[in-house]
Amino acid sequence: MFGAVRRRFANGGFSSSILRQSLQATRLAPSSTSRVSDEILIHARGFEHVRKFSCLVSLRGRAISSRPVREVVSNMEHASSKRTWSRPFSSDTGDLVDAVVPFMGESITDGTLAKFLKNPGDRVEVDEPIAQIETDKVTIDVSSPEAGVLKEYVAKEGDTVEPGTKIAVISKSGEGVAHVAPSENISKKAAPQQSASEMKDEKKRPKVEASPVPAKPKAPAPPPPKPSATEPQLPPKERERRVPMTRLRKRVATRLKDSQNTFAMLTTFNEVDMTNLMKLRSDYKDAFVEKHGVKLGLMSGFIKAAVSGLQNQPIINAVIDGDDIIYRDYVDISIAVGTPKGLVVPVIRNADKMNFADIEKEINTLAKKANDGTISIDEMAGGSFTISNGGVYGSLLSTPIINPPQSAILGMHSIVSRPMVVGGNVVPRPMMYIALTYDHRLIDGREAVFFLRRIKDVVEDPRRLLLDA
């Protein structure tokens with residue numbers, strides 16, 4: 001019979017009348033009572049429908065006494081609810097939800113809370129960005145986990161945060177949330193208490209009139225020392241501003257200095273006549289836009305030329321790893337993009353398998369993401385060769401720095417019309433200087449010059465790409 005009772009309790013299907021009849025009919029012995037009480041305690045979760053009856057309950061080691069079973073059930077359910085219904089990042093009532101820093105990437109352990117995008121009291125939707133985290137590589141948005149009203153920020157701008165760090169509290173209902181600025185939200189808690197206590201202290205303090213103090217005669221100020229002839233005249237400190245470096249800027253500075261300290265860098269130069277490539281662009285730009293939806297630029301021509309050069313000189317696409325040389329059988333071209341926050345280098349994957357239109361579309365997509373600050377870490381990871389176009393800023397000539405762990409970088413510059421000798425005649429030509437900086441530990445001058453010469457030949461005569469000549 002007790003087996004049946006236990007099974008019915010476990011299934012939650014035992015009514016109060018059946019249980020009362022069963023207990024009265026069996027006249028439970030103390031040992032039996034103990035067993036029933038154990039079953040009641042174990043299966044307390046199924047007692048919603050038997051809370052209104054009482055029976056003789058005997059716990060182990062105690063005398064038999066009349067005790068409401070609902071007390072046992074309520075106590076057990078209260079203890080069980082603490083374990084079962086505790087939700088991470090939410091309050092006991094479920095109205096408040098915590099906004100935490102998301103996972104930022106395998107190689108990123110922390111970031112700086114750059115700025116808040118919403119103010120306390122603002123309405124937010126699900127997955128709407130409320131703050132931005134600045135890391136060594138990218139800027140990451142912190143999104144609202146629920147729709148509601150931003151109650152408060154629990155972190156300050158400039159704090160270093162890790163994945164999982166709580167930075168804000170969202171109220172689903174928006175009850176009791178006032179609209180305040182982020183700076184007021186953090187400081188307003190202590191201000192009223194301090195002002196109230198100060199007012200009480202001022203009331204208690206007796207007012208004492210200050211007696212006049214006789215003024216002391218002022219000693220004449222010593223004349224300023226005359227600067228020596230060799231002492232430099234420095235500008236006053238009031239005209240200087242000290243601003244902390246962003247994490248991205250610090251990361252770029254570290255990598256560039258490591259590049260100088262690691263590689264045996266050497267730069268070789270050449271010049272390119274841009275006449276034919278510019279004419280090709282001018283002749284087909286309208287048809288190109290109409291068919292592909294993007295403009296035909298000069299960068300796609302240089303990327304195709306770089307791919308041809310890397311295929312002809314595979315050592316330029318290789319890298320040193322300890323005592324070994326790793327030859328890459330793929331071509332991933334990194335494009336240096338200057339943004340207001342710093343330099344980023346997105347990667348065009350498998351550039352050797354792309355045509356002009358595919359390259360232009362990928363460049364536009366990556367450049368837009370870089371300027372908007374929405375580019376991901378995966379889109380900047382890797383890369384076997386880098387192209388930097390300083391010509392868009394008017395640079396005439398430069399020596400680019402290698403982007404580790406690559407072995408070479410191509411520098412493009414501005415196009416300037418210069419007098420050139422063509423067929424025995426001096427004619428104006430649109431010319432561009434190009435520079436190749438390479439790791440001389442791995443790449444000899446012969447391969448570097450051949451590579452740069454291949455780029456010159458392809459750009460000056462794009463028909464070589466069709467004929468593979």
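Parameters and conventions
- Residues numbered from 1 in each chain as written.
- Predicted model: local features only at pLDDT ≥ 70, side-chain atom pairs only at ≥ 80, totals over all residues.
- Heavy atoms only, no water.
- Helix = DSSP H or I, 4+ residues; strand = E, 2+ residues; numbered from the N terminus.
- Areas by Shrake-Rupley, 256 points an atom, 1.4 Å probe, with all protein chains shown as cover.
- Pairing = 2+ DSSP bridges.
- Buried < 20%, exposed > 50% of the residue type's maximum accessible area, 1.4 Å probe, protein only.
- Contact = heavy atoms within 4.5 Å.
- Patch = residues over 30% accessible without salt bridge, like charges linked within 9 Å, V, L, I, M, F, W, Y side chains within 5 Å.
- Salt bridge = Lys/Arg side-chain N within 4 Å of Asp/Glu carboxyl O.
- Axes fitted to C-alpha atoms, helices over the stretch in contact; angles between N-to-C directions.
- Parallel < 35°, antiparallel > 145°, perpendicular 65-115°, else oblique.
- Left-handed = near helix turned anticlockwise from the far one by under 90°.
- pLDDT = per-residue confidence, 0-100.
- Phe/Tyr/Trp six-rings, centres within 6.5 Å; stacked < 30°, edge-to-face > 60°.
- Lys NZ or Arg CZ within 6 Å of the ring centre and 35° of its normal.
- Expected span 1.5 Å × (residues − 1).
- Polar contact = N/O pair within 3.5 Å; in protein donor to acceptor, adjacent residues only side chain to side chain.

Once that is clear, we can look at the overall build of the chain. Check the secondary structure of the chain and you find 12 helices and 21 strands. Summed over its atoms, the accessible surface of the chain is roughly 28900 Å², and 53% of this surface lies on carbon and sulfur atoms.

Strands in a sheet are paired, the pairing made by backbone hydrogen bonds, and the direction either parallel or antiparallel. With respect to topology, 4 strands assemble into an open sheet ordered 7-6-4-9, the strand pairing being antiparallel. Edge strands, defined here as strands with exactly one partner in the open sheet, are strand 7 (139–143) and strand 9 (160–161). Here 4 bridges tie strand 4 (residues 111–116) to strand 6 (residues 129–134), and the two strands are oriented antiparallel to one another. The residue of strand 6 that forms the bridge with leucine 113 is isoleucine 133.

Moving on: the environment of leucine 113. When you line up the elements, leucine 113 lands in strand 4. The exposure class assigned to leucine 113 is buried, which follows from its relative accessible area of 0%. Along the chain, leucine 113 and isoleucine 167 lie 54 residues apart, while their C-alpha atoms are 9.1 Å from each other. With near-sequence residues (within four places) excluded, leucine 113 lies in contact with Ala131, Gln132, Ile133, Ala155, Lys156, Glu157, Gly158 and Asp159.

What follows concerns a nonpolar patch on the surface. A cluster of nonpolar side chains, Phe269, Leu396 and Leu397, forms an exposed patch at the surface whose accessible area comes to about 280 Å². With respect to the helices and strands, the residue leucine 396 is situated in the loop between strand 18 (385–389) and strand 19 (408–412). Overall, the relative accessible area of 43% leaves leucine 396 in the partly exposed class.

Turning our attention to the pairing of strand 18. In terms of burial, strand 18 is largely enclosed, as 4 of its 5 residues are buried. Note: strand 14 (residues 333–335) against strand 18, 3 bridges, orientation parallel. From the neighbouring strand, isoleucine 333 faces strand 18, where its bridge partner is phenylalanine 385.

Time to look at the pairing of strand 8 (residues 148–153). Counting buried residues along strand 8, 5 of its 6 residues qualify, which places the element largely inside the surrounding structure. Sheet analysis places strand 5 (residues 123–124) next to strand 8, joined by 2 bridges and oriented antiparallel. The residue bridging valine 124 from the neighbouring strand is glycine 148, located in strand 8. Of the strand pairs in this sheet, strand 8 and strand 10 (residues 166–171) are connected by 4 bridges, and their pairing is antiparallel. By the bridge assignment for strand 10, leucine 150 is matched with isoleucine 170.

This next bit is on the pattern of salt bridges. Across all of its chains, the model carries 14 salt bridges by this definition. A salt bridge links lysine 118 to glutamate 128, with the nearest nitrogen and oxygen atoms 2.8 Å apart. One end of the pair, lysine 118, is in the loop between strand 4 and strand 5; the other, glutamate 128, is in the loop between strand 5 and strand 6, with 10 residues separating them in the sequence. Between lysine 456 and glutamate 460 there is a salt bridge, with its nearest N and O atoms 2.8 Å apart. Of the two residues, lysine 456 and glutamate 460 both sit in helix 11 (residues 445–460), 4 residues apart, roughly one turn of that helix. On the basis of relative accessibility, which here comes to 11%, the residue lysine 456 falls in the buried class.

Two elements in contact, helix 9 (residues 299–312) and helix 11, have axes whose closest approach is 8 Å; the angle formed by their N-to-C orientations is 140°. Judged on the interaxial angle alone, helix 11 and helix 9 are oblique. Classified by chirality, the crossing of helix 11 by helix 9 is right-handed. Note on element contacts: helix 11 touches helix 9 through Phe451, Arg454, Ile455, Val458 and Val459, opposite Phe302, Ala305, Ala306, Ser308, Gly309, Leu310 and Asn312.

For the chain, mean pLDDT is 77; residues scoring 70 or higher make up 68% of the total. Every residue in residues 25–92 is under pLDDT 50, and counting partners more than four places away or in other chains gives 80 contacts. Segment residues 181–193 is flagged for pLDDT under 50; beyond a separation of four residues in sequence, or across chains, it makes 16 contacts in the model.

Here the focus is the packing of aromatic side chains. Enumeration according to the criterion identifies 2 aromatic pairs in this entry. For the ring pair phenylalanine 385 and phenylalanine 451, a centre distance of 5.4 Å and an interplane angle of 65° mean the geometry is edge-to-face. Of the two residues, phenylalanine 385 sits in strand 18 while phenylalanine 451 sits in helix 11, which places them 66 residues apart along the sequence. An identical accessibility class is assigned to phenylalanine 385 and phenylalanine 451; each is buried. The cationic tip of arginine 418 hangs over the ring face of tyrosine 433; the distance from NZ or CZ to the ring centre is 4.3 Å.

Tracing the chain through its elements places threonine 268 in strand 11 (residues 265–273). We classify threonine 268 as buried; its relative accessible area is 17%. Ignoring anything within four residues of it in the chain, the contact list for threonine 268 reads Ile434, Ala435, Leu436, Tyr438, Ala448, Val449 and Leu452.

Take the environment of asparagine 119 next. Within the fold, asparagine 119 resides in the loop between strand 4 and strand 5. Taking C-alpha positions, asparagine 119 is 7.2 Å from leucine 150, a pair spaced 31 residues apart along the chain.

Strand order in the open sheet formed by 4 strands is 3-10-8-5, and the pairing between neighbours is antiparallel. The open sheet has two edge strands with one neighbour each: strand 3 (96–100) and strand 5.

Over its 17 residues, helix 10 (residues 356–372) extends 24 Å from the first C-alpha to the last, a length consistent with the 24 Å expected when each residue adds 1.5 Å. Listed in full, the buried residues belonging to helix 10 are Ala357, Ile359, Glu360, Ile363, Leu366 and Ala370. Considering only its buried residues, helix 10 is in contact with helix 8 (275–292), helix 9, strand 15 (337–339), strand 16 (342–344) and strand 17 (347–348). Between the side-chain oxygen at the start of helix 10 and the backbone nitrogen of alanine 357 there is a gap of 3.2 Å, and the oxygen is on asparagine 355. A positive phi of about 80° marks glycine 373, the residue just after helix 10.

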